[in-house]
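Below are the chains, spelled out letter by letter.
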Amino acid sequence: MQLSVNFLGLMVFCSILWTSCTVDDKDLWTGIVKPAHFPEPFFKVEVTKEGFELGRKLFYDPILSRDQTISCGGCHNQSSAFTHHGHDLSHGIDDLIGMRNSLPIQNLIWHNSFFWDGGVGHIDLISINPIENPVEMDLRFGQAIAKLNTDQNYREQFKSVYGSDSITGSLFLKSMTQFMSMLVSADSPYDQYLSGNSNALSAEEIEGMKIFESKCASCHSGVLQSDFAFRNNGLQEEPFIDDGRFLISQFEQDKGKFKVPSLRNVEYTYPYMHNGNKNSLEDVLHHYRFGIKKSSTLDSLLIKNGKLGIELTDEESSKIIQFLKTLSDPKFIRDKRFSEQ
Amino acid sequence: MLNLKYYFYSILLLSSFTILSCHKHDDDDLSGTGTLEIEFDHKANGQTFAFGQDYVNESGETMQFTEFNYYVSNFSLVKSDGSVYTVPKDECYFLIREKADGVNTKISLSNIPAGDYKEFKFTIGVDSLKSTSPAEQRTGALDPAGEAAGMYWAWNSGYIFVRVEGTSPAAPLDPGTNSNKFRYHIGLFGGMNSPTLNNIRTVSLKDKHDDVAEIRKDHHAAHLHVFVDIMDMFKSPNAISVATNPTVHASPFSANLANNYMDMFVLDHIHN
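All residue numbers refer to positions counted from 1 along the written sequence of the respective chain. Chains carry letters and ligands carry numbers; both start at the beginning, A for chains and 1 for ligands, and go up in the order they are written. Local features in a predicted model are, by the rule used here, given only for residues with pLDDT of at least 70; side-chain atom pairs are given and counted only at 80 or more, and totals for whole chains, interfaces and linings are based on all residues. Side-chain metrics in this entry use all non-hydrogen atoms of the structure; hydrogen atoms and water are not considered.

Remarks on the overall build of chain B
Filter applied, for reference: Going along the chain from the N terminus, every DSSP run of H or I of four or more residues is numbered as a helix, and every run of E of two or more is numbered as a strand. Only protein chains enter the accessibility calculation, which uses a 1.4 Å probe; a residue whose area is less than 20% of its type maximum is buried, one above 50% is exposed, and one in between is partly exposed. We call two residues in contact when some of their heavy atoms are within 4.5 Å. Residue-level accessible areas treat just the shown protein chains as cover; the underlying method is Shrake-Rupley with a 1.4 Å probe. In this charge count, Lys and Arg are treated as positive and Asp and Glu as negative; neither His nor the chain ends contribute. Lysine's charge is taken at NZ, arginine's at CZ, aspartate's at CG and glutamate's at CD.
Helix and strand content of chain B: 3 helices and 16 strands. Among the 272 residues that make up chain B, the fraction classed as buried is 50%. Counting contacts in chain B only where the partners sit at least 6 residues apart, residues at least 24 apart contribute 74% of the total. Accessible area of chain B: about 12,300 Å², with a carbon and sulfur share of 55%. With 21 positive and 33 negative side-chain charges, chain B shows a spacing of 4 Å between the two charge centroids.

As structure tokens, then:
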């Protein structure tokens, strides 16, 4: 006991010493800070500065792909809130085209499943998916870990962060989780408004928010604009090109359903939808008003009295779009801590 | 009535003495803990299983196997008096792989409270809690970068419970490998926050002569010899044809295979 207290004291002392000579005071390590207006996160993640930095290095390193050509950051660009800038279907290794539009990486600890179809059920397990995907990075997970183990720099860095002589799959995944969990976007004008700054939104934007709340928020609910359920919002006719959640659950009633996406930073994350076939927010609103396709699993919220779609005037749609742009968090996409170093 | 009951009990007691006395342990010390060993002995149509041999399934198709792996977990053991001992979960996730050398895989469950056990239950696969657990809880047989390679779906995060592959002249030509391959990868634990198909199946084994496993401290392990007949995977009620269904991964059809393979485990005998 005495020993551990001493040890702890030493650690605290060292870290004070260390921070004081390397970074200035405003950069003192805080870990993940839950924004006051956010709900409790679904995943509780411990993040250390060193673990976060190691995760960041891995995120931007093409060593995780078969032929060293593509990193996570190659498809998840910070300037687009960590989605694949300008691509409808992501390009991966050998320029192969994936089946789906890339998703932003932000506020992940509030999600309870990952990817459009919710195929991954724990935040730690995310990275295995792109690494093993033949059209993304195309390596067996074990091979990726073996590759890291042949890299002396990584061995030393893992050792200094975790005290472990070899790099295990679990330590690698924990590092990725630490980096990705830190990507919290919560400083948009909308957030400032919710935090009590009533001038953060214009009158029109507030009107747009009210219309959004009555017309869209039954699915895009809460401060993250998602109920995280799987729903069909009328993009496809049957037979579906992409069965979505069905591929995971194998339940007929899940065909054509996808995870309701958060709309944070939506201004930066175009193109939209799982298939990337909506290029602008105008296209999205047009879809909800006039483009809903009927199918057996279409969400019942998108049919009113036998009529397909959400009833909105031109003016209401443009106000919704103005509101959606208040979800943009320019600090998030420029935060140096999240960039390749 | 009462008399009869006592009479009955005393016979029971007497006979149990006689049974015990013909066994090797005459100590009746039921304190402490002991070990249960389970041997998985692979068969095909009742014959000793080997890779590369021809076996004929119920649909009359010849099959040769190249892979036969499965997970067993979540053991619980029922004593003669009906009480149940649940083996602590984290100690009992085992990946059983048929190996080219044909040596049977044995697993050991230790720290089992001493007693006589008549029924042995386990899960084929990996439960939902473990399937959605954080990375640090995926060690040994559950490490996707290690032993679990090939037994884990990255895109549908969960373990493949049973993986069987091979070739058959009845299977269509697979352009990737230019051979007549069949592949059965059965998984799906039922989901955590949103439900999925649930292919977790529980097996319950008993000795056909009602023999019990005698777990004693300071004694060598009691030993269950379990036959696992791979051809039961293809048998009625859901006869599987390699020609019609050469590849089954995550699909609604996979439940048919799960319902078949839950019967492939048979407790042949117990050594004490």
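Moving on from the model shown.
Here's the deal with the packing of aromatic side chains
Residues and elements named next belong to chain A. Here is the rule: When two rings of Phe, Tyr or Trp (its six-membered ring) have centres within 6.5 Å they constitute a pair, described as stacked for plane angles under 30 degrees, edge-to-face for angles over 60, and tilted for the intermediate range.
Taken as a whole and assessed by the stated rule, the structure comprises 36 aromatic pairs over all chains. Ring plane angle 50° and centroid distance 5.3 Å describe the contact between Phe212 and Phe323, whose orientation is recorded as tilted. One end of the pair, Phe212, is in helix H9 (residues 203-215); the other, Phe323, is in helix H12 (residues 314-325), and 111 residues separate them in sequence. Classification of Phe212 by relative accessible area gives buried; the value is 5%. Using a relative accessible area of 2% as the deciding quantity, one classes Phe323 as buried.

Examining the pairing of strand S8 (residues 115-124) of chain B
All names here are of chain B. Put simply, the rule reads: Only when DSSP finds a minimum of two bridges between them are two strands counted as paired.
Counting buried positions along S8 gives 7 out of 10 residues, so the element sits mostly inside the fold. With 6 bridges joining them, strand S4 (residues 62-79) and S8 adopt antiparallel strand pairing. Bridging from a neighbouring strand, Ser76 pairs with Lys121 of S8. Of the pairings in the sheet, the one linking S8 to strand S13 (residues 213-215) comprises 3 bridges and is antiparallel in character. Looking at the pairing, Asp116 lines up with Glu214 of S13. Looking at chain direction, S8 and strand S12 (residues 201-206) are connected through 6 bridges and run antiparallel. Looking across to S12, one finds that Lys121 is bridged to Ser204.

Concerning the confidence of the model for chain A
Filter applied, for reference: Here pLDDT means the predictor's own confidence in every residue, given as a number from 0 to 100.
With 90% of its residues at a pLDDT of 70 or more, chain A shows a mean pLDDT of 91. In this model residues 1-26 of chain A is a low-confidence stretch, pLDDT under 50, and it forms 2 contacts with partners more than four residues away in sequence or in other chains.

Considerations on the packing of helix H2 (residues 49-59) of chain A against helix H6 (residues 152-162) of chain A
Each pair of packed helices can be summarised by the angle the axes make with each other and by the distance between the axes. Residues and elements named next belong to chain A. Selection criterion: Structural elements are reduced to axes, namely lines fitted to C-alpha atoms, with helices fitted over the stretch in contact, and the angle between N-to-C directions of any two is expressed from 0 to 180 degrees. Just so you know how the angles are binned, under 35 degrees is roughly parallel, over 145 roughly antiparallel, 65 to 115 roughly perpendicular, and the rest oblique. Should the near helix be turned anticlockwise from the far one by less than a right angle, the crossing is left-handed, and should it be turned clockwise, the crossing is right-handed. Note on residue categories: nonpolar means Ala, Val, Leu, Ile, Met, Phe, Trp, Tyr, Cys or Pro, charged means Asp, Glu, Lys or Arg, and polar means any other residue, Gly included.
Between H2 and H6, the shortest axis-to-axis distance is 9 Å and the interhelical angle comes to 155°. What the angle tells us is that H2 and H6 run roughly antiparallel. With respect to the hand of their crossing, H2 and H6 are arranged in left-handed fashion. For the pair H2 and H6, contact is made by Glu50, Gly51, Leu54, Lys57 and Leu58 and by Asn153, Tyr154, Gln157, Phe158, Val161 and Tyr162, respectively. Considered class by class, the residues forming the contact of H2 with H6 number 6 nonpolar, 3 polar and 2 charged.

Notes on the domain arrangement of chain A
Residues and elements named next belong to chain A. Applied cut-off: By convention here, the domain bounds are inherited from an automatic or database domain assignment. Two parts placed together each lose some accessible area under a 1.4 Å probe, and adding up what both lose gives the buried area. The salt bridge criterion pairs a side-chain nitrogen of Lys or Arg with a carboxyl oxygen of Asp or Glu, the two atoms within 4 Å. Definition of a polar contact: a pair of N or O atoms within 3.5 Å, with one able to donate and the other able to accept a hydrogen when the atoms are protein atoms, and with sequence-neighbouring residues admitted only if both atoms are side-chain atoms.
By domain assignment, chain A separates into domain 1 (25-185) and domain 2 (189-327). Here domain 1 and domain 2 have C-alpha centroids that lie 27 Å from each other. In this assembly, domain 1 packs against domain 2 so that about 2,300 Å² is buried in total across both faces, 57% of it on carbon and sulfur atoms. It is His37, Trp116 and Asp117 in domain 1 that bury the most area against domain 2; as a group they hold 28% of the surface buried on that side. Our enumeration of links across domain 1 and domain 2 arrives at 1 salt bridge. Where Arg100 meets Asp242, a salt bridge forms, and the shortest distance between an N and an O atom there is 2.8 Å. Inspection of the region where domain 1 meets domain 2 yields 14 residue pairs in polar contact (both at pLDDT 80 or more). Taken together, the residues of the side of domain 1 that touches domain 2 sort by class into 10 nonpolar, 16 polar and 3 charged.

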